[in-house]
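# Structure assessment
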Amino acid sequence: MARLKRDKEAARAVSRIEKACLDKGMKMTDQRRIIARVLSESTDHPDVEEVYGRASDIDPHISIATVYRTLRLFDIANIIDRHDFGDGRSRYEVADEVGHHHHLIDLKNGHVLEFENAELENIKNRIARELGYVLVGDRLELYGVPIGTSGDDGDQEKKNQTP
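Reading the values: the criteria
- Residues numbered from 1 in each chain as written.
- Predicted model: local features only at pLDDT ≥ 70, side-chain atom pairs only at ≥ 80, totals over all residues.
- Heavy atoms only, no water.
- Helix = DSSP H or I, 4+ residues; strand = E, 2+ residues; numbered from the N terminus.
- Buried < 20%, exposed > 50% of the residue type's maximum accessible area, 1.4 Å probe, protein only.
- Salt bridge = Lys/Arg side-chain N within 4 Å of Asp/Glu carboxyl O.
- Patch = residues over 30% accessible without salt bridge, like charges linked within 9 Å, V, L, I, M, F, W, Y side chains within 5 Å.
- Areas by Shrake-Rupley, 256 points an atom, 1.4 Å probe, with all protein chains shown as cover.

Counting its secondary structure elements, the chain contains 7 helices and 5 strands. Each helix and strand of the chain, placed in order from N terminus to C terminus, yields the pattern α-α-α-α-α-β-β-β-β-α-β-α. A burial count over the chain gives 28% of its 163 residues as buried.

Put into structure tokens, the structure is as follows:
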């Protein structure tokens, strides 16, 4: 009985994306709520097919067209961020509310690593100031292969090191 009650409470819980939609006055259908929950609970950067698969596991009546339309709506409203990591698929994540991070894309396996770096943030702000600007936003995506795997360019790594 207690588990059933917890499951119902979890189903009624408002996801981060749903809260952002409601704060912006957007209408939330049951299918939008499911898609919002799928994205809010994602620990990766799913593409449309992955969002569709996860959402249709919850509600088999959700169509891929609904997923496309909903993701576009969330993106236009700046509730989610759409990324192109060079693999021909748009990938999504909840828009940063407080923190700021960048991505390193592993070209061997497609994994996307998120990272923060205070020194990098300082450098970007300094460059903007030196050019007479105040930095109001940026996006940085790095592409690489793990050191020691075939395809890494050891010579390039040596070139990047300072003497």
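Having seen it, we continue.
All chains considered together, the criterion is met by 10 salt bridges. The partner of aspartate 44 in a salt bridge is arginine 54, with the nearest N and O atoms 2.7 Å apart. With aspartate 44 in the loop between α3 (30-41) and α4 (48-58) and arginine 54 in helix α4, this residue pair connects regions lying 10 residues apart in the sequence. What makes aspartate 44 partly exposed here is its relative accessible area of 32%. In this structure, aspartate 47 and arginine 89 form a salt bridge, with 2.9 Å as the shortest nitrogen-oxygen distance. Note that aspartate 47 is positioned in the loop between α3 and α4 and arginine 89 in the loop between β1 (80-84) and β2 (90-94), a separation of 42 residues in sequence. The class of aspartate 47 is buried, set by a relative accessible area of 5%. One salt-bridge network, held together by shared partners, links Glu121, Lys124 and Asp138.

There is a patch of nonpolar side chains on the surface, built from Ile123, Ile127, Leu131 and Tyr133 and spanning about 420 Å² of accessible area. Within the fold, isoleucine 123 resides in helix α6 (residues 118-130).

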